[in-house]
Amino acid sequence: FPQLATGLLVGVDGSLEEAVTWAHRSGHQIVAPHWWLLGDRPDVATAGLVGAGCRVFVWTVNDEELARRVESGGAAAIITDDPIKIRAALQVEETE
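Read on for a plain summary of the structure. Computed from a predicted structure; not experimentally measured. (Residues numbered from 1 in each chain as written. Predicted model: local features only at pLDDT ≥ 70, side-chain atom pairs only at ≥ 80, totals over all residues. Heavy atoms only, no water.)

### Considerations on the nonpolar core
Core analysis: the biggest nonpolar cluster contains 21 residues, and Val10, Leu16, Val31, Leu38, Leu49, Val58 and Val70 have the highest contact counts within it. With 4 residues, helix α1 (residues 16-26) is the largest single contributor of residues to this core. Excluding residues within four positions of it along the chain, Val10 makes contact with Ser15, Ala19, Val31, Ala32, Pro33, His34, Leu37 and Trp59. (Core = buried A, V, L, I, M, F, W, Y, C linked by side-chain atoms within 4.5 Å. Buried < 20%, exposed > 50% of the residue type's maximum accessible area, 1.4 Å probe, protein only. Helix = DSSP H or I, 4+ residues; strand = E, 2+ residues; numbered from the N terminus. Contact = heavy atoms within 4.5 Å.)

### Some details on the packing of helix α2 (residues 42-51) against helix α3 (residues 64-72)
Viewed as axis vectors pointing N to C, α2 and α3 meet at an angle of 35 degrees, and their least axial separation amounts to 7 Å. Of the two possible hands of crossing, α2 and α3 adopt the one that is right-handed. Residues Pro42, Asp43 and Thr46 of α2 form the contact with α3, whose own contacting residues are Leu66, Arg69, Val70 and Ser72. Of the residues in the contact of α2 with α3, the class split is 3 nonpolar, 2 polar and 2 charged. (Axes fitted to C-alpha atoms, helices over the stretch in contact; angles between N-to-C directions. Left-handed = near helix turned anticlockwise from the far one by under 90°. Nonpolar A, V, L, I, M, F, W, Y, C, P; charged D, E, K, R; others polar.)

### Observations concerning the packing of α3 against helix α4 (residues 83-90)
Remark: α3 packs on α4, axes separated minimally by 9 Å, with the N-to-C direction vectors making an angle of 55 degrees. Between α3 and α4, the interaxial angle falls into the category oblique. α4 is crossed by α3, and the crossing has right-handed handedness. Note on element contacts: α4 touches α3 through Lys85, Ile86, Ala89 and Leu90, opposite Glu64, Ala67, Arg68 and Glu71. Along the lines of polarity and charge, the residues of the contact of α3 with α4 split into 4 nonpolar, no polar and 4 charged. (Parallel < 35°, antiparallel > 145°, perpendicular 65-115°, else oblique.)

### Notes on the pairing of strand β2 (residues 30-33)
Burial along β2 is two-sided: Ile30 and Ala32 facing one way and Val31 and Pro33 facing the other are all buried. In this fold, the crossover linking strand β1 (residues 7-10) to β2 by way of α1 has right-handed handedness. In terms of strand pairing, β2 meets strand β3 (residues 55-58) through 2 bridges, oriented parallel. Residue Ile30 lies in a different strand from β3, and its bridge partner there is Arg55. One crossover worth recording links β2 to the parallel β3 by way of α2, and it is right-handed. (Right-handed = clockwise from strand over helix to strand, strands pointing away. Pairing = 2+ DSSP bridges.)

Okay, here's the thing in structure tokens:
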């Protein structure tokens with residue numbers, strides 16, 4: 001399935017720098033860090049991952065302000081336990 005994107009899930013004990021290196025070496029297009037790894041500047045950290053050539057899926061984002069910050073950094077997706085709250089915070093209308 002060459003058209004299927006793969007990603008590297010990065011837990012709280014991981015390193016963003018190592019994740020980018022491993023993702024590139026392994027052919028992953030997506031880096032999916034836990035939100036905690038993004039530190040005090042989640043927008044800047046997310047933008048850094050995007051700038052390194054990764055699509056970024058951040059998990060598990062349940063805080064509205066954090067969602068807005070990772071979105072502004074260029075995250076391609078947010079994984080959340082509360083999609084209604086997060087969509088409202090991002091002012092995204094669900095389309096079907």
